[in-house]
Amino acid sequence: MNPLLTVTNISKYYGDICACDRISFSLYSGQVLGIIGESGSGKSTLLSGIAGQLPVDEGEIAYRDRADTLVNLRTLPEPQRRRLMKTEWGFVQQNPRDGLRMRVTAGANIGERLLDVGARHYGNIRTEALEWLSQVEIPPARMDDLPSTFSGGMQQRLQLARILVTRPRLVLMDEPTGGLDVSVQAKLLDLMRSLVRTLDLSVILVTHDIGVVRLLAHRLLVMQNGQVVEAGLTDQVLDDPQHPYTQQLVSATLVP
Ligand SMILES: Nc1ncnc2c1ncn2[C@@H]1O[C@H](COP(=O)(O)OP(=O)(O)O)[C@@H](O)[C@H]1O
Ligand SMILES: [Mg+2]
């Protein structure tokens, strides 16, 4: 089977700081790849670089699209990149306010993405928006409310619905549970786990929280100072960490 996404030796510098140092990995369909590391290790830079929101300095990013065509993300013209982001990719922001339109209703936040990909029938759009609200456990009665009246956990679930309605194949998430209370986090993680399975999503999930990757990620990259210091199956990496930094990460979470 061919990988969905192949990242080869990508590097990004900010002046003298090397935020990402020759990072490579492959992501296969239906796989969840966790990227873990402390603050400043280069996780967000890597994710934005992959999505083409930030130009990288070196390396290749190749994506196999729905038509089975290999797309070079580094040379893809901006209009095509934007189209790909709407039709095949989704980006879940840490702060739902960055991923939602706060001045339009919950239903419109979902419907807007459908309009973007060409849906025109108002009744169908509304029906589908309602279905997605229920998928992310938001009561249908909140359909016409503004997201600003929602709790943080509900806003994050609405952001998921807004992204998933166009049935993306690849979803990038940057600390999706980062800003939430622990009990709300747990609920959102459960929901994400079931959505990833039922929709057969491929996901790149950035987090500093080992609990999050343990629950969701099949494979893991451990980053420190812009470099991948360890990579492998999540269970293997966390049960038998080889690199001192990973060992430290794992033992820190075992301390009560
Ligand atoms: N816009 C920027 N300008 C200069 N340095 C940056 C910028 N964004 C990130 N950095 C630096 O790049 C490194 C990686 O940052 P980042 O990717 O945000 O890490 P993480 O998401 O793991 O916390 C850090 O040293 C950070 O200070
Ligand atoms: Mg970050």
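Everything numeric in this text was worked out from a predicted model, so none of it was measured. (Residues numbered from 1 in each chain as written. Chains lettered and ligands numbered in written order. Predicted model: local features only at pLDDT ≥ 70, side-chain atom pairs only at ≥ 80, totals over all residues.)

Engineer: Would you explain the sheet that holds strand S5 (residues 70–72) in this entry?
Structural biologist: Paired through their backbone hydrogen bonds, the strands of a sheet run either parallel or antiparallel. Pairing in this open sheet of 4 strands is antiparallel, and the strands run S2-S1-S4-S5 from one edge to the other. Whereas interior strands pair on both sides, the edge strands pair on one side only; in this sheet they are strand S2 (17–27) and S5. Neighbouring strand axes in the sheet, compared pairwise and without regard to direction, differ in orientation by 25° on average. By the bridge criterion, 7 bridges tie strand S1 (residues 5–14) to S2 in an arrangement that is antiparallel. The partner of Leu 5 across the bridge, within S2, is Leu 27. (Pairing = 2+ DSSP bridges. Helix = DSSP H or I, 4+ residues; strand = E, 2+ residues; numbered from the N terminus. Axes fitted to C-alpha atoms, helices over the stretch in contact; angles between N-to-C directions.)

Engineer: Is there a simple way to think about the environment of Met 223 in this case?
Structural biologist: Within the element layout of this structure, Met 223 appears in strand S9 (residues 219–224). For Met 223, a count of 25 C-beta atoms within 10 Å corresponds to the buried category. It is 17 Å that separates the C-alpha atoms of Met 223 and Leu 172, two residues lying 51 residues apart in sequence. When sequence neighbours within four positions are dropped, the list of residues in contact with Met 223 reads Ile 35, Gly 37, Ser 41, Gly 42, Lys 43, Val 228 and Val 229. (Buried ≥ 20, exposed ≤ 12 C-beta atoms within 10 Å, placed from the backbone. Contact = placed C-beta atoms within 7 Å.)

Engineer: Sorry, what's going on with the environment of Val 165 here?
Structural biologist: Its place among the elements puts Val 165 in the loop between helix H6 (152–164) and strand S7 (170–174). With 52 residues separating them in the primary sequence, Val 165 and Arg 113 have C-alpha atoms 7.4 Å apart.

Engineer: Can you help me understand the packing of helix H4 (residues 106–116) against H6 in this one?
Structural biologist: The description of two packed helices rests on the angle between their axes and on the distance between the axes. Between H4 and H6, the least distance of the axes is 7 Å, while the angle of their chain directions is 25°. On the basis of their axis angle, the class for H4 and H6 is roughly parallel. Seen from above, H4 lies across H6 with right-handed handedness. Side by side, H4 and H6 meet where Ala 106, Asn 109, Ile 110 and Arg 113 of the first sit next to Leu 158, Ala 161 and Arg 162 of the second. (Parallel < 35°, antiparallel > 145°, perpendicular 65-115°, else oblique. Left-handed = near helix turned anticlockwise from the far one by under 90°.)

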